[in-house]
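Each chain is listed here by its residues.
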Amino acid sequence: MSEKIEFPSVKEQLEIIERGTSEIIPKEELVKKLEKSIESGKPLNIKLGCDPTRPDLHLGHSVVLRKLAQFQKLGHQAILIIGDFTALIGDPSGRNSTRPPLTADEIAENAKSYFEQAYKILDKDKTKIVYNSEWLGKMNFADVIKLASKYTVARMMERDDFTNRFKDGIPISMHEILYPLAQAMDSVAIESDVELGGTDQKFNLLVGRDIQRENEMAPQVILTMPILVGTDGVEKMSKSYDNYIGISDSPKDIYGKTLSIPDDIIYNYFEVATDISSDKLKSVKSILEDKTQNPRDLKRELARLLVEMYHSKEDALKAEQEFDNIFIKKGVPENIPEYKSAIAKMTIIDLILDVNFATSKGEARRLIQQGGVSIIPSNQDGDGEKITDIFHEITFNEEAILKVGKRNFIKLLINEE
């Protein structure tokens with residue numbers, strides 16, 4: 001017999017659960033589930049579904065993962081469902097087109113990378129991992145028809161992205177309509193008590209409640225989290241928009257990217273991307289509302305905190321010192337990598353590509369044309385000489401430093417041949 005768990009009071013749990021949450025549907029059911037959990041000493045099953053469509057996670061992904069970790073710390077069972085089967089379908093939520101399917105090898109590789117990063121937030125030893133191919137892969141065509149009969153086309157078309165695509169004449173494939181039903185079967189299979197997701201997942205999560213009822217189960221409570229705005233302060237955080245802060249980014253990149261966010265989203269980042277106390281959060285809000293206060297110091301504090309969360313306190317302090325050296329003192333960071341060319345000279349574009357500061361000639365050309373490329377003599381601090389000619393040639397006859405963008409530096413060594 002498993003040991004009975006002592007949970008915090010419902011009030012204490014709700015204070016943590018509600019922080020930063022967009023919606024709890026319905027809250028009164030969550031209260032009843034928490035009360036029953038305390039009475040029985042049995043943890044709730046908290047579900048988070050993850051389609052391994054990308055190998056890299058950013059702070060936007062961390063918002064819902066951190067909520068799962070909070071439930072975990074309260075004593076409940078965190079269950080990560082890896083959608084190795086549903087990734088073959090592709091979730092169209094928030095999209096205006098079908099997502100390309102992944103191969104089995106891509107799914108396995110992405111899932112492995114996902115775990116490595118997710119465990120920076122979750123307690124690995126207390127996280128249950130399941131793959132939905134375990135139950136979805138066993139369903140035959142008769143099972144699928146039976147499942148489809150439990151939901152109407154009219155209700156499915158209430159989903160915003162389907163409605164908009166239908167109005168605009170953009171095709172909707174039948175397999176996309178099956179996706180919410182497949183996700184709902186995940187909730188049935190693990191007997192989910194609470195399912196977490198972004199606000200763009202609300203429809204799918206609600207379908208899970210309906211299908212659980214159809215299977216004579218107590219419906220799960222839905223908890224949605226806001227979509228984190230990226231560093232540009234406009235679009236949702238996404239690698240596609242290049243406005244992301246990666247969980248696996250280097251300390252200097254996490255620090256530097258955080259300092260680039262607009263002032264009006266500082267509070268939101270503190271609220272949903274960190275675990276600072278409620279009192280500290282109130283203090284942050286008060287400082288931001290005081291127009292006589294400069295929010296710069298708060299932003300620096302946020303940047304240090306994020307680096308510390310995903311690396312260490314020592315890395316956070318070092319990243320701050322390096323940032324100050326580069327951007328305030330106009331210096332060059334210490335211990336930058338070195339590069340020695342096998343040839344006597346090359347074009348600036350070829351050099352940028354060779355040191356991996358750009359992924360294509362087109363990107364290297366844009367960096368030069370936008371004034372983001374400089375050559376700094378090795379005995380000089382500052383920004384050095386901007387290179388504006390895309391045909392400029394670098395001759396390796398004296399040591400210098402190549403600077404590309406705000407944070408990429410490499411020391412160019414002399415070619416002695």
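Values in this document were obtained by computation on a predicted structure and should not be read as measured data.

> Got a minute to help me understand the overall build of the chain in this structure?
On a plain count of helices and strands, the chain comes out with 17 helices and 13 strands. Summarising its shape, the C-alpha atoms of the chain cover approximately 75 × 50 × 45 Å along the three principal directions. Out of the 417 residues in the chain, the part that is buried amounts to 47%. The long-range fraction of contacts in the chain, counting pairs at least 24 apart against all pairs at least 6 apart in sequence, stands at 71%. Within the structure as shown, the chain displays about 21,700 Å² of accessible surface, and the carbon and sulfur contribution to it stands at 49%. Of note, the chain has its 56 positive side-chain charges centred 2 Å away from the centre of its 69 negative side-chain charges.

> Just checking my understanding: could you explain the sheet that holds strand S9 (residues 373–377) for this structure?
Picture the strands of a sheet paired through backbone hydrogen bonds; they go either parallel or antiparallel. Strand order in the open sheet formed by 5 strands is S7-S13-S12-S9-S10, and the pairing between neighbours is mixed. A strand with exactly one partner marks an edge of an open sheet, and here the two such strands are strand S7 (338–339) and strand S10 (385–386). Of the strand pairs in this sheet, S9 and strand S12 (residues 400–404) are connected by 5 bridges, and their pairing is antiparallel. Across the sheet, the residue bridging to valine 373 is valine 404, located in S12.

> Looking at this structure, how should I read the nonpolar core?
Nonpolar side chains in soluble globular proteins tend to be buried together. Core analysis: the biggest nonpolar cluster contains 61 residues, and Leu48, Leu65, Tyr114, Val194, Leu196 and Tyr269 have the highest contact counts within it. In terms of residue count, the dominant contributor to this core is helix H3 (residues 59–73) (7 residues). Once residues lying within four places of it in the same chain are set aside, the contact partners of valine 194 are Leu30, Leu44, Asn45, Ile46, Lys47, Phe71, Gln220, Val221 and Leu223. Grouped together as the second largest cluster of nonpolar side chains are 23 residues, Ala358, Ile390, Ala400 and Val404 included.

> What is the right way to look at the pattern of salt bridges in this model?
Per the counting criterion, the structure on display carries 18 salt bridges. Two residues, arginine 209 and glutamate 29, come together in a salt bridge whose shortest N-O distance is 3.1 Å. Here the residue arginine 209 occupies a position in helix H10 (residues 202–214), and glutamate 29 occupies one in helix H2 (residues 27–40), the gap between them amounting to 180 residues. For arginine 209, a relative accessible area of 7% puts it in the buried group. On the basis of relative accessibility, which here comes to 24%, the residue glutamate 29 falls in the partly exposed class. A salt bridge links arginine 296 to aspartate 297; the nearest nitrogen and oxygen atoms lie 3.8 Å apart. On the basis of relative accessibility, which here comes to 48%, the residue aspartate 297 falls in the partly exposed class. Here the residues in one salt-bridge network are Arg300, Arg304, Glu320 and Asp324, joined through shared partners.

> Would you mind going over the packing of helix H12 (residues 266–273) against helix H13 (residues 278–289) with me for this structure?
How two helices pack is summed up by the angle between their axes together with the distance between the axes. Taken N-terminus to C-terminus, the directions of H12 and H13 make an angle of 175 degrees; their axes are 10 Å apart at the nearest point. When the interaxial angle is binned, H12 and H13 end up roughly antiparallel. Where H12 approaches H13, its residues Ile266, Tyr267, Phe270 and Glu271 are matched on the opposing element by Leu281, Val284, Lys285 and Leu288. In terms of residue class, the contact of H12 with H13 is built from 6 nonpolar, no polar and 2 charged.

> Got a minute to help me understand the sheet that holds strand S3 (residues 77–82) in this structure?
The strand order across the open sheet built from 6 strands is S1-S6-S5-S2-S3-S4, with neighbouring strands paired in mixed fashion. Where the open sheet ends on each side, the last strands, each with one partner, are strand S1 (23–25) and strand S4 (127–131). The sheet shows a mean angle of 25 degrees between the axes of neighbouring strands, direction not considered. Relative to strand S6 (residues 221–225), strand S5 (residues 194–198) runs parallel, the two being bridged by 5 bridges.

> What is the right way to read empty space enclosed by the protein from this model?
Here the structure, examined in full by the defined rule, presents 2 cavities of 30 Å³ or more. Computed from the structure, the largest cavity encloses a volume of approximately 60 Å³. Every residue lining the largest cavity is listed: Arg19, Gly20, Val63, Arg66, Lys67, Gln70, Met225, Glu271, Val272, Thr274 and Asp275. If you list the elements that add at least two residues to the lining of the largest cavity, you get H3 and H12. With 4 residues, the single largest contributor to the lining of the largest cavity is H3. Grouping the amino acids of the lining of the largest cavity by side-chain chemistry returns 3 nonpolar, 3 polar and 5 charged.

> Explain the side chain of serine 62 to me, please; I cannot follow it from the model alone.
Within the secondary structure, serine 62 sits in helix H3. By relative accessible area, serine 62 is classed as buried at 0%. A distance of 2.7 Å separates the side chain of serine 62 from the backbone oxygen of leucine 59, its partner in a polar contact. What serine 62 contacts, discounting residues up to four positions off in sequence, is Ile121, Ile247 and Tyr310.

> Got a minute to help me understand the layout of surface pockets in this structure?
Empty space among the atoms becomes visible once a probe the size of a water molecule is rolled across them. Taken as a whole, the second largest pocket encloses approximately 990 Å³ of empty space. Taken together, 28 residues form the lining of the second largest pocket, with Asp242, Lys257, Gly405, Lys406 and Arg407 sitting closest to its centre.

Calculation rules
Residues numbered from 1 in each chain as written. Predicted model: local features only at pLDDT ≥ 70, side-chain atom pairs only at ≥ 80, totals over all residues. Heavy atoms only, no water. Helix = DSSP H or I, 4+ residues; strand = E, 2+ residues; numbered from the N terminus. Buried < 20%, exposed > 50% of the residue type's maximum accessible area, 1.4 Å probe, protein only. Contact = heavy atoms within 4.5 Å. Areas by Shrake-Rupley, 256 points an atom, 1.4 Å probe, with all protein chains shown as cover. Lys, Arg positive; Asp, Glu negative; His and termini not counted. Charge placed at Lys NZ, Arg CZ, Asp CG, Glu CD. Pairing = 2+ DSSP bridges. Core = buried A, V, L, I, M, F, W, Y, C linked by side-chain atoms within 4.5 Å. Salt bridge = Lys/Arg side-chain N within 4 Å of Asp/Glu carboxyl O. Axes fitted to C-alpha atoms, helices over the stretch in contact; angles between N-to-C directions. Parallel < 35°, antiparallel > 145°, perpendicular 65-115°, else oblique. Nonpolar A, V, L, I, M, F, W, Y, C, P; charged D, E, K, R; others polar. 1 Å grid on protein atoms, 1.4 Å probe; cavity = no way out; pocket = protein on both sides within 12 Å on 5 of 7 lines; lining within 4 Å. Points joined across faces, edges and corners; volume = space filled by probe spheres on them. Polar contact = N/O pair within 3.5 Å; in protein donor to acceptor, adjacent residues only side chain to side chain.

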